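Okay, here's what each chain looks like letter by letter:
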Amino acid sequence: MIESAGRKFLELLEVHRSALYTVACQGGTPNVAETALQRGIRSAFRQYVRNQAPRDDQMPWLVEHINAELGEMSVSAAPVAELPMPADVWARLAAAIQIEAATLGGADEQSMLAYDPLLAPRKNTGADEPIEGLNLSPWTRFVIATAIVLFIGIVATIILTTHHAVPSTMPAATSTSPATAPATPVLSTRP
């Protein structure tokens, strides 16, 4: 699998994510911190794709980009404790890198990230959509189908056992042999 520039950049950020978030939180509010973090990291990614990033220690280079976005709110003193980056901020930052990779490289494999199922749109389950298959589990469908077959079998059995055969209206077949023919008495009509 060919790793894209975006994936390599995110792996670089993964190592320093708490430290980068701590630097961005110097701006005060979480909204300002996230905005500075996203803008700074996106500008750093543009340089990274153009091979303008430093090769050895990249943390000061990333901090420089975030401080440039913070402007006069940036603090040069080192913070006392690192703040862990929240998962939703990290997800939005990863999505921002993915968008930046798409705008820089189009559909180029070198700059595009792989499909991320967490960022995929979710299916709308509104009430106006028709319900397909009555939304039943396979076991419930089996039980309903079995009950229908049994019901039809019971009704057919009742009809066949209580139904009387209609006598046939055709005359009985007569035999032409004299030995088996019954003797018929001849009645005379004389007085």
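**Student:** Quick question: what am I supposed to make of the overall build of the protein chain here?
**Tutor:** Within the protein chain one finds five helices and zero strands. The order of α-helices and β-strands along the protein chain, N terminus first, is α-α-α-α-α. Only carbon and sulfur atoms are counted for the fraction: they give 62% of the accessible area of the protein chain, which is about 14,400 Å².

**Student:** I'm lost on the nonpolar core in this one. Help?
**Tutor:** Note that soluble globular proteins tend to have their nonpolar side chains buried in a common cluster. In this structure, Phe9, Leu13, Leu20, Leu37, Ile41, Leu62 and Ile66 are the most contacted members of the largest nonpolar core, which totals 30 residues. Taken together, the elements giving at least two residues each to this core come down to α1 (5-24), α2 (30-49), α3 (59-70) and α4 (87-105). In terms of residue count, the dominant contributor to this core is α1 (nine residues). Among residues more than four places away in sequence, those in contact with Leu20 are Leu13, Leu37, Ile41, Met59, Leu62, Val63 and Ile66.

**Student:** Would you mind going over the packing of aromatic side chains with me for this structure?
**Tutor:** Centre-to-centre distance and the angle between the planes together describe a pair of aromatic rings. If you walk through the whole model with that rule in mind, you get three aromatic pairs. Linked through ring pairs, Phe9, Phe45 and Tyr48 together constitute an aromatic cluster.

**Student:** Honestly, the environment of Phe9 in this entry has me stumped. Any pointers?
**Tutor:** Position of Phe9 relative to the elements: it lies in helix α1. Among the residues examined, Phe9 registers a relative accessible area of 0% and is labelled buried. Excluding residues that lie within four positions of it along the chain, Phe9 makes contacts with Ile41, Ala44, Phe45, Tyr48, Trp61, Leu62 and Ile97.

**Student:** Explain the pattern of salt bridges here, please?
**Tutor:** Pairing is possible between side chains of opposite charge, provided their charged atoms come close. A full pass over the atoms with the stated rule returns five salt bridges. A salt bridge links Arg92 to Glu34, with the nearest nitrogen and oxygen atoms 2.5 Å apart. Here Glu34 lies in helix α2 and Arg92 lies in helix α4, a separation of 58 residues in the sequence. Note on Arg92: relative accessible area 37%, which makes it partly exposed. Among the ionic pairs, Asp88 bridges to Arg92, the shortest N-O distance being 3.3 Å.

**Student:** Looking at this structure, how should I read the confidence of the model for the protein chain?
**Tutor:** One rule of thumb: low pLDDT means the predicted coordinates there are not for detailed reading. For the protein chain, per-residue confidence averages 75 on the pLDDT scale, and residues scoring 70 or more make up 63% of the total. Scored below 50 in pLDDT, residues 107-113 makes 23 contacts in the model with residues more than four places away or belonging to other chains.

**Student:** Any chance you could explain α3 here in plain terms?
**Tutor:** Given 3.6 residues per turn, any residue in an α-helix points the same way as the ones three and four places further on. The first and last C-alpha atoms of α3 sit 17 Å apart over twelve residues, in line with the 16 Å expected at 1.5 Å per residue. For α3, every residue scored as buried is listed here: Met59, Trp61, Leu62, Val63, His65, Ile66 and Leu70. Tucked inside the fold, the buried residues of α3 contact α1 and α2. Looking one or two residues past α3, Gly71 carries a phi angle of roughly 70°, positive in sign.

**Student:** Just to check I follow, could you spell out the packing of α1 against α2 for this structure?
**Tutor:** When two helices pack together, their arrangement is captured by the angle between the axes and the distance separating the axes. Running from amino to carboxyl end, α1 crosses α2 at an angle of 145°, the nearest separation of the two axes being 11 Å. Of the two elements, α1 crosses α2, and the hand of that crossing is right-handed. Every residue of α2 that contacts α1 at Ala5, Gly6, Lys8, Phe9, Leu13, Leu20, Tyr21 and Ala24 is listed here: Ala33, Leu37, Ile41, Ala44, Phe45, Tyr48 and Val49. When grouped by side-chain class, the residues that make up the contact of α1 with α2 number 13 nonpolar, one polar and one charged.

**Student:** I keep staring at the side chain of Arg17 and nothing clicks. Help me out?
**Tutor:** Turning to its location among the elements, Arg17 is positioned in helix α1. Given the relative accessible area of 19%, Arg17 is considered buried. Residue contacts for Arg17: discarding those within four places in its chain leaves Met85, Ala87 and Trp90.

About the thresholds
Residues numbered from 1 in each chain as written. Predicted model: local features only at pLDDT ≥ 70, side-chain atom pairs only at ≥ 80, totals over all residues. Heavy atoms only, no water. Helix = DSSP H or I, 4+ residues; strand = E, 2+ residues; numbered from the N terminus. Areas by Shrake-Rupley, 256 points an atom, 1.4 Å probe, with all protein chains shown as cover. Core = buried A, V, L, I, M, F, W, Y, C linked by side-chain atoms within 4.5 Å. Buried < 20%, exposed > 50% of the residue type's maximum accessible area, 1.4 Å probe, protein only. Contact = heavy atoms within 4.5 Å. Phe/Tyr/Trp six-rings, centres within 6.5 Å; stacked < 30°, edge-to-face > 60°. Salt bridge = Lys/Arg side-chain N within 4 Å of Asp/Glu carboxyl O. pLDDT = per-residue confidence, 0-100. Expected span 1.5 Å × (residues − 1). Axes fitted to C-alpha atoms, helices over the stretch in contact; angles between N-to-C directions. Left-handed = near helix turned anticlockwise from the far one by under 90°. Nonpolar A, V, L, I, M, F, W, Y, C, P; charged D, E, K, R; others polar.

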